[in-house]
Amino acid sequence: MYWAQVITYVSIIVAVIAMIAKVLRYLTAPESFRWELYPVPHEKGRAEYGGSYLEELDWWSKPRHSDWFKEISEMMQEIFLLKGVYHNNKKVWTFSLPFHLGCYLTIGWLLFLLLGGILETAGVAVGTGGNTFASVIHYLTIIFGYAGLVLAGVGALGLFAWRSSNKAQRRYNSPAEYINLLIFVAVVTVTLISQLGADPSFTTLRSYVGSLVTFGAAPPLGTLMTIEIVMISLLIMYVPLTRMSHFVAKYFLYHSVRWNDEPNERGSKLEKRLMELLDQKVGWSGDHIKTGEKWIDIVQETGNEQ
Amino acid sequence: MSSKDIKIKDFGKKTDKLYNLDLKNLPGLPYPYENWQDSPIPELSEIKRKGKNITLDGFLNIAVPEPETEEEKEAMVAKFLEGLRKLLSRENNWTFLKPLLLSLDNCVKCNTCSEACPIFEMSGGAEIYRPLFRSDVFRRIIKKHFSPGGKLTAKFTGADIDLNWDTIARLAQLAYRCNLCRRCAQTCPMGVDNGLIAREIRKLFSQELNIAPAELHGEGTVKQLDTGSSTGISPVALMDLMEFVEEDITDRTGLNIKIPFDKAGADILLIHNAGEFLSWPENIEAFAIIFELAGLSWTLSSEMVGYDSVNYGLFYDDVQLAKVTLRHAEVAKKLGVKKVVVGECGHAHKAIMTIGDRIWLGECNIPRESSMVTLEDLIVNEKIMVDPLRNDFPVTLHDPCNLTRSMGVIEPQRRVLKKICPQFREMTPHGVNNYCCGGGSGFAIMQSNNFPNWRYLVPGRKKFEQILKAFTREELSPDVHKYVCAPCSNCKGQIRDLLTYYDAWERAGIMYGGLVELVVNAMTDVREGFHEWDFH
Ligand code: SF4
Ligand code: SF4
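Predicted model, so just to flag it, every value in this text is computed and none were measured.

Rules behind the numbers
Residues numbered from 1 in each chain as written. Chains lettered and ligands numbered in written order. Predicted model: local features only at pLDDT ≥ 70, side-chain atom pairs only at ≥ 80, totals over all residues. Heavy atoms only, no water. Helix = DSSP H or I, 4+ residues; strand = E, 2+ residues; numbered from the N terminus. Rg over C-alpha atoms; globule rule 2.2 N^0.38 Å. Buried < 20%, exposed > 50% of the residue type's maximum accessible area, 1.4 Å probe, protein only. Contact = heavy atoms within 4.5 Å. Areas by Shrake-Rupley, 256 points an atom, 1.4 Å probe, with all protein chains shown as cover. Lys, Arg positive; Asp, Glu negative; His and termini not counted. Charge placed at Lys NZ, Arg CZ, Asp CG, Glu CD. Pairing = 2+ DSSP bridges. Axes fitted to C-alpha atoms, helices over the stretch in contact; angles between N-to-C directions. Buried area = accessible area lost by both parts, 1.4 Å probe. Salt bridge = Lys/Arg side-chain N within 4 Å of Asp/Glu carboxyl O. Polar contact = N/O pair within 3.5 Å; in protein donor to acceptor, adjacent residues only side chain to side chain. Near = heavy atom within 4 Å. Nonpolar A, V, L, I, M, F, W, Y, C, P; charged D, E, K, R; others polar. Phe/Tyr/Trp six-rings, centres within 6.5 Å; stacked < 30°, edge-to-face > 60°. Lys NZ or Arg CZ within 6 Å of the ring centre and 35° of its normal. 1 Å grid on protein atoms, 1.4 Å probe; cavity = no way out; pocket = protein on both sides within 12 Å on 5 of 7 lines; lining within 4 Å. Points joined across faces, edges and corners; volume = space filled by probe spheres on them. Parallel < 35°, antiparallel > 145°, perpendicular 65-115°, else oblique. Left-handed = near helix turned anticlockwise from the far one by under 90°. Expected span 1.5 Å × (residues − 1). Patch = residues over 30% accessible without salt bridge, like charges linked within 9 Å, V, L, I, M, F, W, Y side chains within 5 Å.

J.: Quick question: what am I supposed to make of the overall build of chain B here?
T.: When you go through chain B residue by residue, the secondary structure sums to 25 helices and 8 strands. By the compact-globule yardstick of 24 Å for 536 residues, chain B fits well, its C-alpha radius of gyration being 23 Å. Over its C-alpha atoms, taken along the principal directions, chain B stretches across nearly 75 × 55 × 45 Å. The burial tally for chain B puts 69% of its 536 residues in the buried class. Pairs at least 24 residues apart make up 79% of the contacts formed inside chain B by residues separated by at least 6 positions. Carbon and sulfur atoms make up 51% of the accessible area of chain B, which amounts to about 16500 Å² in all. Averaged over its 65 positive side-chain charges, chain B has a centre that lies 7 Å from the centre of its 72 negative ones.

Okay, here's the thing in structure tokens:
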């Protein structure tokens, strides 16, 4: 097997493991105390001003109306328009939006390459003319590829410039943050030069992806394209290992913390989980805590606190 | 070193005072305070300083003991790291692990939060008060000491911080330079909560190192659990106070009202912040008048802790938080009430209603409601009759952070005010985007040493600016009496102290009070003049 393929496989495997570990870190964290922050977008009729169902008289006896459409629309605006950044920090938004849109398009590009590769291994030629579906994939790959790479590169450069020119930014950003952005710029630049020079409609690259699917031999790649493929592969591995994959944490921050207003009801599953947590032992050693006893026993105990 | 030049790597430096709050750097105030001269910040006496580490900014609200020997200091550093390990573990910190990890992992250092923080803004941009500064000190310690290869890669990943005793002592103090108002979290594009991080730092110090402000711990939750209330009012003293309250109702209104206590099976257990009994009995009286005249079935409790809704554990310690809230639940369960109504206290709302939601389990899971909602029902649905012209003076509303940003109770209090105050106007911004009064997270009750000056000068200054801007130039004449409605006991305490410090009653005719006092002042079934323009 061609060594570049080995690098790509390893990168994908590491990336998948790292992403799963990241998701599990948050998914398996125990139920916490409620810590929502308003506005909560699914509060029907109240989200506009930040209200909650707690504004209702005898709220526990009434049905709670959740507006999931509003919540999804809010999420979409966050993901695709970076609404929060727009409202609170327009300067960052100017560079962050192209960077994020570029990344989304680039992910789309990789998926179209994969789809195209699968089609080709199934004997369907991907290109102009012939099968309509295959030619749509061909054009989408080109559009997503160039638009994504250019936007991500410009955005990364802009973010690099902004982080360098701003004193507060320089103070709090580690060398790693700057290098991460430069890595993006480098990968985008090499990819653009290599593709525009030798493979403008991504035909060879698609064959390479196809070879990964079939575990077959890679097509002949020039030196520059080999470098390009290695760089993209390493980037795929690197992103989940760094804070650049903050979208995972952001999802959990919004859904399990900021927007989590689920009340606990008697006899509910939530109550059962909470009872189990209260049954755990406390390890803190402050003087007011009986170390080693169960939460429930410590908090229930009455008597001299001193 | 200029305040703006302090870097995180300076945090552990040997110096008597890392940062000096210079009155010259504070932003000016609007009319009629353009020429206002702040009083000099009092220096702490040798006796007050003795044995304490006050090396952050010279203000004292948390007495961090200064170890005498290097060995003791090293032992404290080790204890801190042990606490940090527990803070990051599932078993010990199930209560907040998830939000903590998410906030630690997710910051992209964009500094959007700084603009939102009143403490950073009103200090004139002091670097150490930047929300990100505190969080990043903490993050760097974690990264350096708890991630594989952390020490080796420290320079590259930005974890270069010296973990010595001064770093730790200053971190404890810095955790108490945040109101936990969560305004920064609201604007953070990632959802990171710097307020939560500050609270978790406080918790580590309390739950592992026994370091917490006396007002919150010894004189706060411990006293409350021991004597029944952090004010020190025992159940017996409470009954004496109630006699005074009943007499005062008769003197002010001519009404004879017997305040119900421990009425088993009542519909409502009303629970007040006990600070009201001592400082603002008119608030207790007003609730009693409204509930009695509306014919509600209600009661107060004289059980230990049951007559004091405060729960300072919310600000610094999960164990104390859970202990106090469980006492509240047990009192409600024993009385067999249908619901608990929380009086005018923001943090008590949050502790009893949303935090309590994860502790009031099984039989103790008794419904809880905000008094803002109970009042709205009575007034908007005309179960009590009001004449708004009795409140025909300029009124503005302060939004307690816990009630609004953390719970989404925004409109009920506004609907009440719109019904009873013809000259009601909003502050800018308000509701869920409000600014903290500056007394949040327990600061309002910290009255000793030189700390009150800090809370008037820095976080409180933002609220004071907002209050001034809520009124026109003409209205700001001392002859026009104005009312800042603060439906929260702690906010009321802070606003009282602010108005006193800035001499605002004398200079600008600004008074403060709760919501129920305005309601009773407007009630047609009550003699006119319940509200008195008597600043106290
Ligand atoms: S906490 Fe949020 S707003 Fe503040 S620097 Fe981090 S990501 Fe930006
Ligand atoms: S919680 Fe409030 S006071 Fe604390 S850092 Fe955030 S905005 Fe500032």
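After that view of the structure, there is still more to cover.
J.: What is the right way to read the sheet that holds strand β7 (residues 482–485) of chain B from this model?
T.: Residue and element names in this part refer to chain B. The parallel open sheet is built from 4 strands, whose spatial order is β6-β5-β7-β8. The sheet is open, and its two edges are formed by β6 (424–425) and β8 (510–513), each paired on a single side. Across 4 bridges, β7 lies against β8 in parallel orientation. Across the sheet, Tyr483 pairs through a bridge with Met511, a residue of β8. Of the strands in this sheet, β7 and β8 touch helix α23 (residues 489–501), which is tilted by about 165 degrees from β8.

J.: Would you explain the interface of chain A and chain B in this entry?
T.: A common way to report how large an interface is uses the accessible area buried once the components associate. Listed by partner, the interface residues are 83 residues for chain A and 102 residues for chain B. For the chain A and chain B pair, buried surface summed over both sides reaches about 8200 Å², with 57% attributable to carbon and sulfur atoms. The salt bridge involving Arg25 of chain A is made with Asp105 of chain B; its shortest N-O contact spans 2.9 Å. Inspection of the chain A/chain B interface yields 47 residue pairs in polar contact (both at pLDDT 80 or more). Counting residues per element, the ones that place at least two in the side of chain A that touches chain B are α1 (3–27), α3 (83–88), α5 (132–165), α6 (167–172), α7 (175–198), α10 (246–258), α11 (269–278) and α12 (295–300) of chain A.

J.: Looking at this model, I keep getting lost on the site of ligand 2. Mind explaining?
T.: All names here are of chain B. Around ligand 2, the structure places 13 residues, and the nearest of them are Cys117, Cys178, Cys181, Arg182 and Cys184. For the shell around ligand 2, the elements supplying multiple residues, two or more each, are α5 (118–122), α6 (131–146) and α9 (183–187). Within the shell around ligand 2, the residues separate by chemical class into 8 nonpolar, 2 polar and 3 charged.

J.: Sorry if this is basic, but what is going on with unusual backbone geometry here?
T.: With the exception of glycine, most residues fall at negative phi, and the peptide bonds are largely trans. With an omega of 5 degrees, the peptide bond between Tyr38 of chain A and Pro39 of chain A qualifies as cis. Here Pro39 of chain A lies in the loop between α1 and α2 (68–81). In this chain, Tyr31 of chain B is followed by Pro32 of chain B through a cis amide linkage whose omega measures -5 degrees. Among the secondary structure elements, Pro32 of chain B is positioned in the segment before α1 (46–49). Phi is positive for Asp58 of chain A, close to 50 degrees, though the residue is something other than glycine. Following the sequence through the fold, Asp58 of chain A ends up in the loop between α1 and α2. On the accessibility criterion, Asp58 of chain A (24% relative accessible area) is partly exposed. Within the chain, Lys109 of chain B stands out as a residue other than glycine whose phi angle is a positive 60 degrees. Residue position: Lys109 of chain B is located in the loop between α3 (97–105) and α4 (112–116).

J.: Explain the packing of aromatic side chains here, please?
T.: Aromatic ring pairs: the centre-centre distance and the angle between the two ring planes describe each pair. Residue and element names in this part refer to chain B. Evaluation of the coordinates by the stated rule reveals 43 aromatic pairs over all chains. Relative to Phe133, the ring of Phe11 lies with its centre 5.6 Å away and its plane at 65 degrees, an arrangement referred to as edge-to-face. Residue Phe11 is located in the segment before α1, and its partner Phe133 is located in helix α6; the two are separated by 122 residues in the primary sequence. We note that Phe11, like Phe133, is buried. Of the aromatic side chains, those joined through ring pairs into one cluster are Trp280, Phe393, Tyr483, Trp505, Tyr512, Trp533 and Phe535. Seen from the ring of Tyr435, Arg183 lies directly overhead, with NZ or CZ sitting 3.8 Å from the centre. For Arg473, the ring lying beneath its charged end belongs to Tyr31, and the centroid distance is 3.9 Å.

J.: Honestly, the site of ligand 1 in this entry has me stumped. Any pointers?
T.: Neighbouring ligand 1 are 13 residues; Cys107, Cys110, Asn111, Cys113 and Cys188 of chain B lie closest to it. For the shell around ligand 1, a count of residues per class yields 9 nonpolar, 3 polar and 1 charged.

J.: Help me understand empty space enclosed by the protein, please; the structure alone is not making it clear to me.
T.: The method is simple in principle: a probe with the dimensions of a water molecule rolls over the atoms, and the space it marks as empty is what remains. Residues and elements named next belong to chain B. The final tally for this structure, using the stated rule, is 4 cavities of 30 Å³ or more. Taken as a whole, the largest cavity encloses approximately 240 Å³ of empty space. Around the largest cavity, the lining is made up of 24 residues, and of these Asn179, Phe315, Asn402, Gly440 and Ser441 lie nearest the centre. Sorting the residues of the lining of the largest cavity by element identifies α10 (194–209), α15 (313–316), α17 (346–355), α19 (401–404) and α23 as the ones contributing at least two each. If one sorts the elements of the lining of the largest cavity by residue count, α17 sits on top with 3 residues.

J.: Where do I start with the packing of α1 of chain A against α10 of chain A in this structure?
T.: Helices that pack against each other are described as a pair by the angle of their axes relative to one another and the distance between those axes. Residue and element names in this part refer to chain A. Packing of α1 against α10 leaves a shortest axis separation of 10 Å and a crossing angle of 20 degrees. Between α1 and α10, the angle is such that the two are roughly parallel. For the element pair α1 and α10, the recorded crossing hand is right-handed. Along the contact surface, α1 presents Met19, Lys22, Val23, Tyr26 and Leu27, while α10 presents Phe247, Val248, Ala249 and Phe252. The class makeup of the residues in the contact of α1 with α10 is 8 nonpolar, no polar and 1 charged.

J.: Explanation requested: the pattern of salt bridges in the structure shown.
T.: Where charged atoms of side chains with opposite charge meet at close range, the side chains can pair. With the rule as written, the count across this model stands at 58 salt bridges over all chains. Here Arg273 of chain A ties to Glu31 of chain A by a salt bridge, and the two come within 2.8 Å at their closest N and O atoms. Of the two residues, Arg273 of chain A is situated in helix α11 and Glu31 of chain A in the loop between α1 and α2; the sequence distance between them amounts to 242 residues. By relative accessible area, which is 16% here, Glu31 of chain A ends up buried. Among the salt bridges present, the one from Arg414 of chain B reaches Glu426 of chain B, with a minimum N-O distance of 2.6 Å. Pair noted here: Arg414 of chain B is in helix α20 (residues 411–420) and Glu426 of chain B is in the loop between β6 and α21 (451–457), with a separation of 12 residues, a long-range link.

J.: Help me out: how do you make sense of helix α9 (residues 223–241) of chain A in this one?
T.: An α-helical turn contains 3.6 residues, so a residue and the one three or four places further along point in the same direction. Residue and element names in this part refer to chain A. With 19 residues, α9 should cover 27 Å at 1.5 Å per step; its first-to-last C-alpha distance of 28 Å lies within 8% of that length. Turning to α9, its buried residues number three or more, namely Met225, Thr226, Glu228, Ile229, Val230, Ile232, Ser233, Leu235, Val239 and Pro240. Elements in contact with the buried residues of α9: α1, α4 (90–121), α7 and α8 (203–214).

J.: Would you mind going over a nonpolar patch on the surface with me for this structure?
T.: All names here are of chain A. Taken together, the side chains of Ile12, Val16, Ile20, Leu24, Leu27 and Ile236 define a hydrophobic patch exposed on the protein surface, amounting to about 490 Å² of accessible area. Of the residues forming the nonpolar patch, the biggest block, 5 residues, is contributed by α1. For Val16, the position within the fold is in helix α1. Residue class for Val16 comes out partly exposed when judged on its relative accessible area of 44%.

J.: For this particular structure, what's the right way to read the layout of surface pockets?
T.: The volume enclosed by the second largest pocket comes to roughly 600 Å³. Lining the second largest pocket we find 21 residues, and of these Pro39, Glu74, Lys83 and Arg258 of chain A together with Gln186 of chain B sit closest to its centre. Element by element, the count of residues in the lining of the second largest pocket is highest for α3 of chain A, at 4 residues.

Treat this as a map of the structure, not an account of what it does.
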